[in-house]
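# A look at the structure
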Amino acid sequence: MTRIAVVGGGRIGEALIAGLREAGTPGSDIVVIEAVQARADELAKKYSILPTTLDIGCEGADVIAIAVKPQDVPAVTERVGDAISDSVHESIVVSLAAGVSTESLETRLSAGSPVVRVMPNTAMLVGQGVSAICKGRFARDEHLEQVRSIMESVGAVVVVTEAQMDAVTAVSGSGPAYFFLLAEALIDAGVEQGLPRDVATTLATGTALGAGAMLAGGGEGPGQLRYNVSSPGGTTAAAIRRLESGGLRAAVADAVEAAASRSREMARAVIEDDDEID
Ligand SMILES: NC(=O)C1=CN([C@@H]2O[C@H](COP(=O)(O)OP(=O)(O)OC[C@H]3O[C@@H](n4cnc5c(N)ncnc54)[C@H](OP(=O)(O)O)[C@@H]3O)[C@@H](O)[C@H]2O)C=CC1
Ligand SMILES: O=C(O)[C@@H]1CCC=N1
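The name that an unreviewed UniProt entry assigns to the chain is Pyrroline-5-carboxylate reductase, with the source organism given as Dietzia aurantiaca. Quoted verbatim from the Pathway (unreviewed entry) field of the UniProt record, the comment on the chain reads "Amino-acid biosynthesis; L-proline biosynthesis; L-proline from L-glutamate 5-semialdehyde: step 1/1." Word for word, the UniProt comment on the chain under Function (unreviewed entry) is "Catalyzes the reduction of 1-pyrroline-5-carboxylate (PCA) to L-proline."

Let's shift gears to the sheet that holds strand β5 (residues 92-95). Read from one edge to the other, the open sheet built from eight strands follows the order β3-β2-β1-β4-β5-β6-β7-β8, with strand pairing classed as mixed. If you trace the sheet from one side to the other, it starts and ends with β3 (50-51) and β8 (155-159), each paired once. Two elements, strand β4 (residues 63-66) and β5, share four bridges in a ladder whose sense is parallel. By the bridge assignment for β5, Val-63 is matched with Ile-92. The strands touched by helix α4 (residues 73-84) are β1 (4-7), β4 and β5; relative to β4, the strand with the most contacts, the crossing angle is about 160°. Across the sheet, helix α7 (residues 165-173) lies against β6 (115-119) and β7 (129-135), angled at about 40° from β6, the strand it touches most.

Note that Ala-83 resides in helix α4. Excluding residues that lie within four positions of it along the chain, Ala-83 makes contacts with Leu-54, Asp-55 and Cys-58.

Turning our eyes to something else, we now look at the site of ligand 2. Around ligand 2, the neighbouring residues are Ala-98, Gly-173 and Ser-174. Within the complex, the protein chains bury 47% of what would otherwise be the 240 Å² of accessible surface of ligand 2.

Next up on the list: the nonpolar core. Judged by nonpolar contacts, the single largest core of 29 residues is most densely connected at Leu-16, Val-94, Val-116, Val-118, Val-147 and Met-151. Breaking this core down by element, the ones donating at least two residues are β1, α1 (11-22), β2 (30-33), α2 (37-47), β4, β5, β6 and α6 (141-152). In terms of residue count, α1 provides more of this core than any other element does, five residues in total. Setting aside residues no more than four positions away along its own chain, Val-147 makes contact with Ile-92, Val-94, Val-116, Val-118 and Ile-133. Core analysis: the next-biggest nonpolar cluster, separate from the first, contains 21 residues, Leu-54, Ile-64, Val-76 and Ile-84 among them.

Cut-off values and rules
- Residues numbered from 1 in each chain as written.
- Chains lettered and ligands numbered in written order.
- Predicted model: local features only at pLDDT ≥ 70, side-chain atom pairs only at ≥ 80, totals over all residues.
- Heavy atoms only, no water.
- UniProt positions renumbered as here; feature names shortened; annotations may be inferred.
- Pairing = 2+ DSSP bridges.
- Helix = DSSP H or I, 4+ residues; strand = E, 2+ residues; numbered from the N terminus.
- Contact = heavy atoms within 4.5 Å.
- Axes fitted to C-alpha atoms, helices over the stretch in contact; angles between N-to-C directions.
- Near = heavy atom within 4 Å.
- Areas by Shrake-Rupley, 256 points an atom, 1.4 Å probe, with all protein chains shown as cover.
- Core = buried A, V, L, I, M, F, W, Y, C linked by side-chain atoms within 4.5 Å.
- Buried < 20%, exposed > 50% of the residue type's maximum accessible area, 1.4 Å probe, protein only.

Here it is as structure tokens:
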């Protein structure tokens, strides 16, 4: 039994809770600490979990998952630190926030506190998330393994170095949004070609699901899978040529670069705030 306190019941907090409940974690093992009371009550009812205060929720928690906006993480971590500083029970403090380093979390907790950083994505909601994890200075392998096991219950997990977290955030943290954008564009294009919107939506969604399953099957890579669809002189080759000449590949590289750069910028903002406090 692992007791998990989720601090911040927004989109990613809910995705984590939903995935954990779907994977069979008992509601009695999860508490949510959410600033907006109506939202806390909504989550409590939907997932049969307990809404509580930060002090009570952190007491005895094995894992405290901080899922608030990056700019709120320093203040929340300080409050978590105060709440657990006198406890004999060891809690692993986990941050799900983009652009907040383990070091910045550690400086707000008692010396030696185990910290693990996770970059998840919203597909946890349906048990198909992918998370990257890395440990802070004081976390031991067993702490990382405990967090890995929690995140594996809601999807796949990779262990990375902290230096890779900005790239991870740009690829898989933000990644679902890129696929949703492509799906929107494909649906709109189908409608433009005369399909009813519901039919275009079913086709685009089913295609995304099938393509995802083929990619995840691991037999052939994305290039080969694409060749298999592209009959010589056929429709797919005509479409791919337009996508390439329209700059799709470069646009994706630019987008990922922009996201990684934004993640680094957010990390610098937290460091500057720290310097102002010192
Ligand atoms: N959305 C995503 O796909 C992903 C998000 N993340 C990370 O997850 C974190 C949360 O993002 P997201 O869920 O999108 O953001 P949301 O704004 O949806 O959720 C954050 C929630 O935390 C609440 N909150 C703020 N301060 C406190 C506090 N002191 N105690 C309890 N609750 C508080 C917020 O309330 P209020 O709105 O009133 O401030 C809000 O409901 C971010 O750090 C983000 O970088 C990581 C990967 C993917
Ligand atoms: O957009 C964001 O900043 C967060 C982090 C990754 C996905 N959503």
